[in-house]
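# Topology and contacts: notes
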Amino acid sequence: MPSGFNKKTMTIALMMALPAIAIAADEEKKTADATQTMTEVKVKTQRIQDAPNKGYQATKTRVGKTYQDPQDVPQAVTTLTRELLHDQQVGSLREALRNVVGLSVNAAEGGRAGDNFNLRGFYTFGDIYLDNMRDTAQYNRETFNLEQVDVLRGSAAMLFGRGQAGGVINQVTKMAELNDKNTVTGSLGNYDYHQATGDFNKKLTDTAAIRVNVMDRYEETYRKNPTTGDRPSFDRQGIAISFGAGIGTENEFFLNHVYTQTRDVPDFGIRFFNKRPQSDASNGASDKTFWGAKNNFDDSDTRITTGIFTHKFDDDTQLRTQLRHASYQRAYWAKLPPNNTATPAFPTENSSVGSNQARYLNYETVNLQSDFSTKFELGGMKHSLLSGVEYLHENSYRANLVDLDSSSGFYYRRHAYDKSNPTKFDADNYAVYLQDSVEFIPNWTALAGIRRDEMKANYSAATSPKLDFGENSYRTGLSWQPNTDRHYYLTFSDSFSPTADLYQFTTVRQPAERARTLELGSKWLFMDGDLAVRTALFTTTKDWERNTDLLTAVNNPILTKRRRTNGFEFEVTGKVTDRWDVFAGIALLDAKIINPAVNICAQIANGCSTVGQVNVADPRFAGERARNTPIGTFNLWTTYALTDAWKIGGGVEAKGERYAYVPSATDAGTNFVNGVFKPNAAPGYARVDFMATYEQPKWAVRLNVKNLLDKVYYDAVYDNGGLVVPGNRRQAIVTTEYKF
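These numbers were taken from a predicted model, which means no experiment stands behind them.

All right, on to a nonpolar patch on the surface then. Residues Leu-490, Leu-518, Leu-520, Leu-537, Phe-568, Phe-570, Ile-586, Leu-588 and Phe-634 make up a contiguous nonpolar surface patch of about 760 Å² in total accessible area. Every element with two or more residues in the nonpolar patch is listed here: strand S24 (513-526), strand S26 (558-575) and strand S27 (580-596). With respect to the helices and strands, the residue Phe-570 is situated in strand S26. Look at Phe-570 and you get partly exposed, because its relative accessible area is 32%.

If you trace the five strands from one edge of the open sheet to the other, you get S1-S7-S8-S5-S6, paired in mixed fashion. Both edges of this open sheet fall to strand S1 (77-81) and strand S6 (133-134), since each of them pairs with a single strand only. Relative to S6, strand S5 (residues 128-130) runs antiparallel, the two being bridged by two bridges. Residue pairing in the sheet places Leu-130 in a bridge with Met-133 of S6.

A word on the state of the cysteines. Per the stated rule, a full pass over the model turns up one disulfide. Linked covalently through their sulfurs, Cys-601 and Cys-608 form a disulfide whose S-S length is 2.0 Å. Between Cys-601 and Cys-608 the sulfur-sulfur dihedral comes to about -70 degrees; the bridge is accordingly left-handed. There is no split in this pair, since Cys-601 and Cys-608 are both buried.

We now examine the sheet that holds strand S15 (residues 276-277). Taken in spatial order, the seven strands line up as S4-S3-S2-S38-S39-S14-S15 in an open sheet, and their pairing is mixed. Edge strands, defined here as strands with exactly one partner in the open sheet, are strand S4 (122-123) and S15. Summarising the sheet, strand S14 (residues 270-273) and S15 pair through two bridges and their orientation is antiparallel. Residue pairing for S15: Phe-273 is matched across the bridge by Arg-276.

With that settled, the discussion passes to the pattern of salt bridges. Applying the stated criterion to the full structure yields 54 salt bridges. Among the ionic pairs, Lys-647 bridges to Asp-87, the shortest N-O distance being 3.3 Å. Taken together, the residues Lys-647 in strand S31 (residues 646-655) and Asp-87 in helix H2 (residues 82-87) connect sequence positions 560 residues apart. With a relative accessible area of 5%, Asp-87 lands in the buried category. One network of salt bridges, with partners in common, ties together Arg-94, Glu-95, Arg-98, Glu-653, Lys-655, Arg-687, Asp-689, Lys-706 and Asp-715.

A separate point is the confidence of the model for the chain. Confidence in the prediction for the chain averages 89 pLDDT; 90% of positions are at 70 or higher. This stretch, residues 1-44, has a pLDDT under 50; its non-local contacts, to residues over four places away or in other chains, come to 36 contacts.

Most often, soluble globular proteins keep nonpolar side chains buried together rather than apart. Counting residues in hydrophobic clusters, the biggest one holds 37 residues, and the most contacted among them are Leu-80 and Leu-97. Elements with a contribution of two residues or more to this core: H2, helix H3 (93-96), strand S2 (103-106), strand S3 (117-119), S5, strand S7 (146-153), strand S17 (317-336) and strand S39 (723-726). Broken down by element, this core gets its largest block of residues, three residues, from S7. When neighbours within four sequence positions are excluded, Leu-80 is seen to be in contact with Leu-85, Ala-96, Leu-97, Asn-99, Val-100, Gln-148, Val-149 and Phe-583. Counting twelve residues, the second-largest nonpolar core is a separate cluster that includes Val-63, Tyr-129, Leu-159 and Val-168.

Thresholds, definitions, all that
Residues numbered from 1 in each chain as written. Predicted model: local features only at pLDDT ≥ 70, side-chain atom pairs only at ≥ 80, totals over all residues. Heavy atoms only, no water. Patch = residues over 30% accessible without salt bridge, like charges linked within 9 Å, V, L, I, M, F, W, Y side chains within 5 Å. Areas by Shrake-Rupley, 256 points an atom, 1.4 Å probe, with all protein chains shown as cover. Salt bridge = Lys/Arg side-chain N within 4 Å of Asp/Glu carboxyl O. Helix = DSSP H or I, 4+ residues; strand = E, 2+ residues; numbered from the N terminus. Buried < 20%, exposed > 50% of the residue type's maximum accessible area, 1.4 Å probe, protein only. Pairing = 2+ DSSP bridges. Disulfide = S-S within 2.5 Å. pLDDT = per-residue confidence, 0-100. Contact = heavy atoms within 4.5 Å. Core = buried A, V, L, I, M, F, W, Y, C linked by side-chain atoms within 4.5 Å.

What follows is the structure, given as structure tokens:
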């Protein structure tokens, strides 16, 4: 059940907000009176960052370091707006990213529990950001304090530093605003779903404001332990504060802090084979069987504090500096179902059946980032110049939890971890970058950027105690914008990653991962700019792909020597009419292994008889489809306002079949049947959702039905094979909302 934190935090937050509410009512009257006596009105051109989103269509993004209209970004960008997430009753980042085509979810048996995604066929564990700064810790993120989520597709190391090939997921924080507005919501649903949120913004002076966001959410799933009756659950709370001073002036400062807490009962899924749950007649296990128990835990505490100072020299020139300290603490104990169907087994009260994932993690970062941007004319050409520096310090501590009572099953506790043999990692990262966008003739723009990253790290591993990497990253492209409604572009970008926290597994220095993306795209605006359409045709090649599974990476740190994804994307967002909104997309991906892996054994185990032994992956993997990458994904969400008060809507999320296997295996074994590649696979699915809402200026009531057709589907796939996590069954949620 929910912890005591929710009652205390919500009470404190509401007590903080109540005086502001009372003051807001009084100030509203004073403002109205003052307005009548005004003799001077100053009219300013609206800045991009101040332009409100057009429902599901984003009008601003900062994935390019400075505020831009997504229409002007010469790279594929998908933005999930607050309006979209609001209508869908989204609580977690994982749920929000269902809207992103070409994205699939990884299950976490291999020790990387938390938000874990594949984008365009490549993992993204190092590519999650918060306000353009790294947020790569292993934890589950919430959306209560997010204004929007931007997904920049393709290699992006020139803009964001070391990273992978598929793209960047950037969360955008809600900031204090110069107005008085307050919103509270309460939600109830089946599977014991209940959530309360509050968003309170108070204008303090003409240039200062404070904003407080709070959240408390609990829910379970349909899966149940048949012995104990226990179910997986999500128990999450959060509070965020944003204070702004000098807002809209030449010297603008924000101080933001967010704290989130999770006390989940984790679900690591079920065994599966040949597109079906793995079971036998003697135990009757099925997709409904939960192998965990209420004494399992996934506890995390995340604290992120950020200061942002912007000095504007003029309308086109500014210096923006961010300083952040982040602390991520997490411990989890999850049960995995047994992997032996020949022996009948069923969950037990003492959790003795099935294997365990039990781990303690402590990760801390200090990040300083400073960007200088300006626009000017030189030699008859228009320039948009971006330059910057960045410093990141990381300190990571990881250890296994200790079984406190092995004689009667298993018994783990959060702080009972093995201090004798932890995995430690600390690193200093330095970067400098420069990019120029030049309109060399009217409507034609050339882009060129370069970034240099230097990384120096220390590890607890004896095989590779130090890491010293220096890499360049590039971004270049050509854009043609004949008018404001059309944009055609061809871009090249690359990325690199030494996969820092995994590098200690190698016995010899391996090259950094390198990825290269070539993308041809177009963007159009229709309906007077209210409907945006984009297409992208791309190819991404990745060398020295690393293994992110901590349990198998010791002797197999390299998954493939070369991989490639060729693909096509189509998206449409915005208003078809004044009453009809749509957010839709389709992605077709051809992801294949080009060259199988070559690995050097770090220890004697799992197919390694000597340290230093060279293992070459089965050559038959060459040309086969990559893991957890469906050929096709489709998403549609649409709403229609029947009247000024009534609105209905719904959507479909569909994914094709996803493979799960080990591409670095020296013997492909059962992955080939009569010479034909037939690895374990999770079936494709289509999930249908529904929404109906009644809205008034001050209040609203909304009904959301998730998985309307009550379909059994497998949401996340453990890409090494044999494990999937089912999505929840039909769930109805009623939400009331009050604004004041």
